[in-house]
Protein chains: 2
Amino acid sequence: MSLLVVGSVAFDALETPHGKVDRTLGGAASYFALAASHFTPVRVVAVVGDDFTDEYRAIFKGRPIDLSGLERAAGKSFFWSGRYNANMSERTTLVTELNVFANFKPILPPDYLNSSSIFLANIDPSLQLSVLKQVRRKPKIVGLDTMNYWIERAPKELRETLKHTDILMINDEETRQLTGEHNLLRAAQRVFKMGPKTLVIKKGEHGALMIHDKFLFSVPAFPLEEVFDPTGAGDSFAGGFMGYLASTGSLSEHNLRRAMVYGSVLGSYAVERFGVERITKLKRKEINSRARHFLNLTSFKLQ
Amino acid sequence: MSLLVVGSVAFDALETPHGKVDRTLGGAASYFALAASHFTPVRVVAVVGDDFTDEYRAIFKGRPIDLSGLERAAGKSFFWSGRYNANMSERTTLVTELNVFANFKPILPPDYLNSSSIFLANIDPSLQLSVLKQVRRKPKIVGLDTMNYWIERAPKELRETLKHTDILMINDEETRQLTGEHNLLRAAQRVFKMGPKTLVIKKGEHGALMIHDKFLFSVPAFPLEEVFDPTGAGDSFAGGFMGYLASTGSLSEHNLRRAMVYGSVLGSYAVERFGVERITKLKRKEINSRARHFLNLTSFKLQ
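Below or above, wherever it landed, is the structure these notes cover.

Conventions used here
- Residues numbered from 1 in each chain as written.
- Chains lettered and ligands numbered in written order.
- Predicted model: local features only at pLDDT ≥ 70, side-chain atom pairs only at ≥ 80, totals over all residues.
- Heavy atoms only, no water.
- Least-squares fit on C-alpha atoms with pLDDT ≥ 70 in both.
- Axes fitted to C-alpha atoms, helices over the stretch in contact; angles between N-to-C directions.
- Helix = DSSP H or I, 4+ residues; strand = E, 2+ residues; numbered from the N terminus.
- Parallel < 35°, antiparallel > 145°, perpendicular 65-115°, else oblique.
- Left-handed = near helix turned anticlockwise from the far one by under 90°.
- Contact = heavy atoms within 4.5 Å.
- Nonpolar A, V, L, I, M, F, W, Y, C, P; charged D, E, K, R; others polar.
- Buried area = accessible area lost by both parts, 1.4 Å probe.
- Salt bridge = Lys/Arg side-chain N within 4 Å of Asp/Glu carboxyl O.
- Polar contact = N/O pair within 3.5 Å; in protein donor to acceptor, adjacent residues only side chain to side chain.
- Buried < 20%, exposed > 50% of the residue type's maximum accessible area, 1.4 Å probe, protein only.
- Phe/Tyr/Trp six-rings, centres within 6.5 Å; stacked < 30°, edge-to-face > 60°.
- Lys NZ or Arg CZ within 6 Å of the ring centre and 35° of its normal.
- Pairing = 2+ DSSP bridges.

## Some details on the relation of the copies chain B and chain A
Between the two copies of the chain lies a rotation about an axis combined with a shift along it.
Here is step 1: Once turned by 180° and shifted 0.0 Å along the axis, chain B lies on chain A with an RMSD of 0.0 Å. Such values leave the two copies arranged in the relation of a two-fold axis.

Structure follows, in structure tokens:
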């Protein structure tokens, strides 16, 4: 099934204990699209500036990623710079320059209007909603990410967008902030009333928890000997998750569980190198191999 | 198989958002023994004061718990008082009175000298070692818990005791402190060199991770709508874990994985009521039912 993502395509400057890069491809939509493209074709809606040269466009080449919805505007691309502490448990944002992203108004090319799976990455909820209004038919699967900034500044717009969302994918603190409820099971009950019937809580190094109105599913983070760069782990998780789901076209319990695993697989690979490097070069057999490792990591028999 | 635990039997005063108790049975050995006794007979080595009346002794009655190693000394029992914050993510120790525990010298009754499984709860490492020196034969399974206090104050004694330990059961921060290594996989390699070939990292609300020199196994915490009192969750986990293992008498991979699950089952029940109340009244069918819930919470099929 056709999977559309709307979000940021950006340049990142990153500093981790393992090194430093001054300018690398970043942005939620980049990580998402590269991760999801291992499972299904992806359509990207985003905006970049004049500085987004062919060199960066080439990173998406050779993968089933449609960039016809990638608008090019006069000015500079979104730029983010951050530094991680020694054990990478915390990060400090050094610079955020919205640049052309400040005036972003997502416009879907005609080819995209039949998209049946949509992921609304973390942007202004009213822009997320505008994407849903453009598609021709009600999509089968709508996933949404957001953050504290929008929960605080645009609560009404976010509530409106959530009404049309199937799967809300946020972290534990955002879940608590959105619902005003500390306990995650009770928080999920409030989320269900807002629209989404599936809540995926991303917990970073502690894995992810899916709360569906019919079942619970927990997946750990993959224990790694070396984390190079945590940037984009959550967006790669979302890409693996939505990419797998869109490839099946169904929200069955089995598929939702597997989506959690494939999301975790992509998230775990993303952090093994700087930026998008690892998930761009990933082979299908590596994805399958790590998925089996997840099975081994979590399997037990009661008898 | 016979399972011996050495540790504290104490009185706790607890304050959580759900209420307050002034004096309830506490101590690592109490939680451990009550939890483990659902799987196997348990022998307790600990010390209490004159204030440990029949009313408290009765809590262990009707369960396969041997209290002949529970020494009664002149004075008061170990007393601990703590208060949890609103969401129970943090606790403040208000009072710690060692009382008779300050002069505790564990002495095993003759009946206990053939114990084949031993759990050394969190006490002075030299006392832990003295227990191992008393048993007649090398035990099949030795589990050990410790804390920052002993890692800092008695590193030599702890290292000596670890040489005779099969399973080290501590939390993530203690793992990092003991090994000087932030990454848990690399930390485990250092633990293996100290003696234990199995490291169980307790992560509270994030579950537990077993790092064995041949495999990894992760189990989530059980999502609960209501946590009444987190006190004793780790000791109940240890009791369920060691109790199950001792009942099988083997450290096979299957058994170790199941032990993680039964530990988590007991830990999750422990927090549903104040103190030891819930794990004392637990039925075997409730244990089996929650173990199946853990299976459901973590199971997926790749095809």
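## Quick word on the packing of helix H6 (residues 172-179) of chain B against helix H7 (residues 184-194) of chain B
All names here are of chain B.
Here is step 1: Running from amino to carboxyl end, H6 crosses H7 at an angle of 60°, the nearest separation of the two axes being 9 Å. In this view, H6 runs oblique relative to H7, as classed from their interaxial angle. Relative to H7, H6 is oriented so that their crossing is left-handed. For the pair H6 and H7, the contacting residues are Asp172, Thr175, Arg176, Leu178 and Thr179 in the first and Leu184, Ala187, Arg190, Val191 and Met194 in the second.
Here is step 2: Taken together, the residues of the contact of H6 with H7 sort by class into five nonpolar, two polar and three charged.

## Overview of the interface of chain B and chain A
Here is step 1: Listed as interface residues are 35 residues of chain B and, on the opposing side, 35 residues of chain A.
Here is step 2: Both sides together, the interface formed by chain B and chain A hides about 3400 Å², and carbon and sulfur atoms give 57% of it.
Here is step 3: When the area that chain B buries against chain A is broken down by residue, the three leading residues are B:Glu225, B:Phe300 and B:Leu302, summing to 20%.
Here is step 4: Counting across the chain B and chain A interface gives two salt bridges.
Here is step 5: Linking B:Glu226 and A:Arg186 is a salt bridge whose minimum nitrogen-to-oxygen distance equals 3.4 Å.
Here is step 6: Counting across the interface, chain B meets chain A through 16 residue pairs in polar contact (both at pLDDT 80 or more).
Here is step 7: Mapped by element, the contributors of at least two residues to the side of chain B that touches chain A are H7, strand E14 (216-219), helix H9 (253-270) and helix H11 (284-298) of chain B.
Here is step 8: In terms of residues, the side of chain B that touches chain A owes the most to one element, H11(B), which gives seven residues.
Here is step 9: Its residues assigned to classes, the side of chain B that touches chain A comprises 15 nonpolar, 10 polar and 10 charged.

## Considering H6(B)
An α-helical turn contains 3.6 residues, so any two residues separated by three or four positions project in the same direction.
Residues and elements named next belong to chain B.
Here is step 1: Across the eight residues that make up H6, a large majority, six, are buried.
Here is step 2: Those residues of H6 that sit buried are Asp172, Glu174, Thr175, Arg176, Leu178 and Thr179.
Here is step 3: Buried residues along H6 sit against helix H4 (148-153), helix H5 (155-162), strand E11 (167-171), H7 and strand E12 (198-202).
Here is step 4: A distance of 3.0 Å separates the backbone nitrogen of Glu173 from a side-chain oxygen at the start of H6, and that oxygen is part of Asn171.

## Re the packing of aromatic side chains
Residue and element names in this part refer to chain A.
Here is step 1: Across all of its chains, the model carries 28 aromatic pairs over all chains by this definition.
Here is step 2: Residues Phe32 and Phe119 carry aromatic rings whose centres are separated by 4.6 Å and whose planes lie at 5° to one another, so their mutual orientation is stacked. Of this pair, Phe32 sits in helix H1 (residues 28-36) while Phe119 sits in strand E9 (residues 117-120), placing them 87 residues apart in sequence.
Here is step 3: Feature note: the residues Phe11, Phe52 and Tyr56 constitute an aromatic cluster, connected by ring pairs.
Here is step 4: When the ring centre of Phe11 is taken as origin, the NZ or CZ atom of Arg23, which lies over that ring, is 3.9 Å away.
Here is step 5: Sitting above the plane of the Tyr262 ring, Arg284 keeps its charged end 5.8 Å from the centroid.

## Digging into the sheet that holds strand E7 (residues 78-84) of chain B
Residues and elements named next belong to chain B.
Here is step 1: As summarised here, the arrangement of the four strands in space is E3-E2-E7-E8, forming an open sheet in which the pairing is mixed. The two strands at the open ends of the sheet, each matched to only one other strand, are strand E3 (19-26) and strand E8 (91-97). With direction set aside, neighbouring strand axes in the sheet form an average angle of 15°.
Here is step 2: On the sheet, helix H1 (residues 28-36) packs against strand E2 (10-16) and E3 and is oriented at approximately 80° with respect to E3.

## Here's the deal with the pattern of salt bridges
Residue and element names in this part refer to chain A.
Here is step 1: Evaluation of the coordinates by the stated rule reveals 24 salt bridges over all chains.
Here is step 2: Among the ionic pairs, Lys163 bridges to Glu160, the shortest N-O distance being 3.1 Å.
Here is step 3: Residue Lys163 is classed as exposed on the basis of its relative accessible area, which comes to 55%.
Here is step 4: On the basis of relative accessibility, which here comes to 31%, the residue Glu160 falls in the partly exposed class.
Here is step 5: Residue Arg290 is joined to Glu272 by a salt bridge in which the shortest nitrogen-to-oxygen separation is 2.8 Å.

## Here we look at the pairing of strand E1 (residues 3-6) of chain B
All names here are of chain B.
Here is step 1: The two faces of E1 match: Leu3 and Val5 on one face and Leu4 and Val6 on the other face are all buried.
Here is step 2: Examined bridge by bridge, E1 and strand E4 (residues 42-48) share four bridges and lie parallel to one another. Within E4, the position partnered with Val6 by the bridge is Val45.
Here is step 3: Here E1 pairs with strand E9 (residues 117-120) via four bridges, running parallel. Across the sheet, Val6 pairs through a bridge with Leu120, a residue of E9.

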